[in-house]
Amino acid sequence: MSKILVLDNEKEIAEVIGLYLRNEGYEVELAYSGREALNRIAQAPPDLALLDVMLPDIDGFRVLRKIRESYTFPVIMLTAKTEYTDKINGLTLGADDYIPKPFNPLEMVARVKAQLRRYTKYNESGGSLPDNIIDFGGLVMNRDTHECVFNERELVLTPIEFDILWLLSENRGKVISSEQLFEQIWKEKYFKNSNNTVMVHIRHLREKMGDGHRKSDFIKTVWGVGYKIDK
């Protein structure tokens, strides 16, 4: 039986979350302050934690930071805040998912189950990342949620841009030709002018990944061959 820690300063919300999770067969512990949650974790780490951001003592981000100093269990942030900066902050500090309030309890349960499945798979595979996550060199991509964070900035990518970046990242260290990119991403036969289509999308990606003053050189051009991302 998986144990879940629910941290929320609003007792009614914490109890409702606990009720839904217990109905699914989980063991649930409730905490109403950051320090209380950290003490419980130190005594017996849970299999997953749901953390509210707005707390009476220390905020949920500081709790998350302390957790990530010692533990790798999944953490889902719960917050009434919907600003991108808060979401990016949580993901950067190591949150696995982010649910804004108010939320549907059934969706919350589904996300808990998904994170527990991924964590179990992660441990069984010897600590390798799940297949739906890429995390290296300041780049974090989640294929399920289509989220992409680069150097602590959330990138808003089109589906094609996301797929190009995923393919290059998944094959980092290898050169992927324009023909390979086009046929794998667009699912069409490559023609001479198809190279222009690839080039335009690579340019847009570099602009979005840049720091606002220059294009990013994260994606390398190998002249006459294709593109690559270094290991």
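Values in this document were obtained by computation on a predicted structure and should not be read as measured data.

1. Description of the layout of surface pockets
The calculated volume of the second largest pocket comes to roughly 280 Å³. What lines the second largest pocket is a set of 15 residues, and nearest its centre among them are Asn 195, Met 199, Thr 221, Trp 223 and Tyr 227. For the lining of the second largest pocket, the secondary structure elements donating two or more residues are helix H8 (194-209), strand E11 (220-222) and strand E12 (226-228). Broken down by element, the lining of the second largest pocket gets its largest block of residues, five residues, from H8.

2. Details of a nonpolar patch on the surface
Residues Val 16, Leu 19, Tyr 20 and Leu 106 make up a contiguous nonpolar surface patch of roughly 370 Å² in combined accessible area. Ranked by residue count, the leading element in the nonpolar patch is helix H1 (residues 11-23), at three residues.

3. Structural notes on the environment of Leu 55
Relative to the elements of secondary structure, Leu 55 occurs in the loop between strand E3 (48-52) and helix H3 (60-70). Of the residues examined, Leu 55 reaches a relative accessible area of 15% and is grouped as buried. Ignoring anything within four residues of it in the chain, the contact list for Leu 55 reads Leu 7, Asn 9, Gly 34, Gly 60 and Val 63.

4. A word on the pattern of salt bridges
As a working rule, side chains carrying opposite charge can pair if their charged atoms are close by. Within the structure shown, the criterion is met by 13 salt bridges. Between Glu 207 and Arg 203 there is a salt bridge, and its shortest N-O distance comes to 3.9 Å. One end of the pair, Glu 207, and the other, Arg 203, are both in helix H8, four residues apart, so they sit about a helical turn from each other. Residue Lys 228 pairs with Asp 230 through a salt bridge whose shortest N-O separation is 3.5 Å. One salt-bridge network, held together by shared partners, links Asp 8, Asp 52 and Lys 101.

5. Describing unusual backbone geometry
Between Lys 101 and Pro 102 the backbone carries a cis peptide bond, its omega angle lying at -5°. Positionally, Pro 102 belongs in the loop between strand E5 (97-100) and helix H5 (105-124). Of note in this structure, His 146 is not a glycine but carries a positive phi near 60°. Inspection of the secondary structure puts His 146 in the loop between strand E7 (139-142) and strand E8 (147-150). For Lys 187, which is not a glycine, the phi torsion comes out positive at approximately 60°. Mapped onto the secondary structure, Lys 187 falls in the loop between helix H7 (178-185) and H8.

6. What to know about the nonpolar core
Formed by 27 residues in total, the largest nonpolar core has its most connected members in Leu 165, Leu 168 and Ile 219. Broken down by secondary-structure element, the contributors of at least two residues to this core are strand E6 (133-136), E7, E8, helix H6 (159-170), H7 and H8. In terms of residues, this core owes the most to one element, H6, which gives six residues. Here Leu 165 is in contact with Leu 139, Met 141, Cys 148, Leu 157, Leu 205, Met 209, Ile 219 and Ile 229, once residues within four sequence places are set aside.

7. Quick notes on helix H2 (residues 34-43)
Every buried residue of H2 is listed here: Gly 34, Ala 37 and Ile 41. All buried residues of H2 project into a common sector of 65° when viewed along the axis, lining one side. For H2, the exposed residues lying more than 90 degrees away from the buried face are Ala 42 and Gln 43. Those residues of H2 that are buried lie in contact with strand E1 (3-7), strand E2 (27-31) and H3.

The rules behind these values
- Residues numbered from 1 in each chain as written.
- Predicted model: local features only at pLDDT ≥ 70, side-chain atom pairs only at ≥ 80, totals over all residues.
- Heavy atoms only, no water.
- 1 Å grid on protein atoms, 1.4 Å probe; cavity = no way out; pocket = protein on both sides within 12 Å on 5 of 7 lines; lining within 4 Å.
- Points joined across faces, edges and corners; volume = space filled by probe spheres on them.
- Helix = DSSP H or I, 4+ residues; strand = E, 2+ residues; numbered from the N terminus.
- Patch = residues over 30% accessible without salt bridge, like charges linked within 9 Å, V, L, I, M, F, W, Y side chains within 5 Å.
- Areas by Shrake-Rupley, 256 points an atom, 1.4 Å probe, with all protein chains shown as cover.
- Salt bridge = Lys/Arg side-chain N within 4 Å of Asp/Glu carboxyl O.
- Buried < 20%, exposed > 50% of the residue type's maximum accessible area, 1.4 Å probe, protein only.
- Contact = heavy atoms within 4.5 Å.
- Core = buried A, V, L, I, M, F, W, Y, C linked by side-chain atoms within 4.5 Å.
- Arc of directions from axis to C-beta.

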